[in-house]
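Spelled out, the chains give:
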Amino acid sequence: MQTNRRDFLKTMGVATVCACTGLATLNGCKMIRGVSSTAAIPVDSYHLTGNELTIDLSKADCLKHPGGAGKLSLDNEDEVKVIIVHHEPGKYKAFSDHCTHGGRELNYKHEDKILQCSSFGKSTFKLTNGHVIKGPAEGPLSIYPIQVVNTSLKLTIA
Ligand code: FES
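Residues numbered from 1 in each chain as written. Predicted model: local features only at pLDDT ≥ 70, side-chain atom pairs only at ≥ 80, totals over all residues.

(A) Summary view of the sheet that holds strand β3 (residues 52-56). Here we have four strands laid out as an open sheet, ordered β2-β3-β13-β12, and antiparallel in their pairing. Each of the sheet's edge strands pairs with one partner strand only, and the pair in question is β2 (46-49) and β12 (146-149). The mean angle between the axes of side-by-side strands here comes to 20 degrees, regardless of whether they run parallel or antiparallel. (Pairing = 2+ DSSP bridges. Helix = DSSP H or I, 4+ residues; strand = E, 2+ residues; numbered from the N terminus. Axes fitted to C-alpha atoms, helices over the stretch in contact; angles between N-to-C directions.)

Okay, structure coming up:
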C-alpha cells in the first residue's frame, strides 16, 4: 500500500495530538500547577493549642458571609493545610486543602456547592462529605470537625 504525503502528515498529526493528550492527562497535575484563588485567613485571626485550632471570625473577613471561604497553613510538623467554607448562614465545613489526586490546593465553588482542585485535572468533591464527584482523584477529602463557639470557629486537627 502506498501512502501519499498528505495521508502521512495527517496520521502523524493525529498521533502527536493523541500522545500530547495522553501525557497531559497522566501528568497534567505534575506539569501544570494550578493557582488557588481562595483567600488566605489572616495569620493573626487563628491559633493552635494542642490539636484544637481556634479562628476569630471577627478578624477573618473571608469567612463572614455565606459563600465565603478561606484557607490557612499550620506551621506544625505535619504542615497541615485547611480550607474552610461558610456554606450556609452560620454553618461551616473544613477540609484538608490537598486534592487526593496530586495534592494540589482546592477552591470552593459556592454556586455549585463543590470543592474543586486548582490544578489541571480539576477533580471535584462534594461539600457534604468530601467524596469525589469527578476524577481523576479517587479518594475523598479529609474532613475536620468544626463548630461555632460564640464568635469563633473551633476545629480539631487530628
Ligand atoms: S492534583 Fe490532579 S486533579 Fe487535583
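(B) Representation of the pairing of strand β13 (residues 152-156). Covered by surrounding structure in β13 are Leu 153 and Leu 155 only, the residues Ser 152, Lys 154 and Thr 156 on the alternate face being uncovered. As paired elements, β3 and β13 share five bridges and run antiparallel to each other. In the sheet register, Glu 52 faces β13, and the bridge partner there is Thr 156. For β12 and β13, the ladder comprises four bridges, and the chain directions are antiparallel. Its bridge partner lying in β13, Gln 147 is registered against Lys 154. A loop of two residues connects β12 with β13, the two strands running antiparallel in sequence, and Asn 150 in this loop sits at a positive phi of about 55 degrees. (Buried ≥ 20, exposed ≤ 12 C-beta atoms within 10 Å, placed from the backbone.)

(C) Layout of the sheet that holds strand β7 (residues 106-109). One open sheet holds the four strands; their spatial order is β7-β8-β9-β10, and the pairing between them is antiparallel. Each edge of the open sheet is held by one strand with a lone partner, namely β7 and β10 (132-134). The sheet shows a mean angle of 35 degrees between the axes of neighbouring strands, taken without regard to direction.

(D) Representation of the pairing of strand β5 (residues 81-88) in the model. With five bridges connecting them, strand β4 (residues 69-73) and β5 associate as antiparallel partners. Bridging from a neighbouring strand, Ala 69 pairs with Val 85 of β5.

(E) Up close: the nonpolar core. Ranked by size, the top nonpolar core spans 26 residues in total, and within it Ile 55, Val 82, Ile 83, Ile 84, Val 85, Ala 94 and Leu 115 carry the most contacts. For this core, the secondary structure elements donating two or more residues are β3, β4, β5, β6 (91-96), β7, β8 (114-117) and β13. With four residues, β5 is the largest single contributor of residues to this core. Other than its neighbours up to four places away in sequence, Val 82 contacts Lys 71, Leu 72, Ala 94, Ser 96, Asp 97 and Tyr 144. (Core = buried A, V, L, I, M, F, W, Y, C linked by C-beta atoms within 7 Å. Contact = placed C-beta atoms within 7 Å.)

(F) Examining the environment of Gly 67 more closely. With respect to the secondary-structure elements, Gly 67 resides in the loop between β3 and β4. The partly exposed category is assigned to Gly 67, around which 13 C-beta atoms lie within 10 Å. The sequence separation of Gly 67 and Tyr 92 amounts to 25 residues, and the corresponding C-alpha distance is 10.0 Å.

(G) Inspection of unusual backbone geometry at higher detail. The linkage connecting Gly 135 with the following residue, Pro 136, adopts the cis geometry, with an omega of 25 degrees. Secondary-structure assignment places Pro 136 in the loop between β10 and β11 (143-144). Despite not being glycine, Lys 113 has its phi angle at roughly 50 degrees, a positive value. Topologically, Lys 113 is positioned in the loop between β7 and β8.

(H) Structural context of the environment of Cys 29. Along the polypeptide, Cys 29 turns up in helix α1 (residues 5-31). Among all residues touching Cys 29, those that are not within four sequence positions of it are His 101, Gly 102, Arg 104, Ser 119, Phe 120 and Gly 121.

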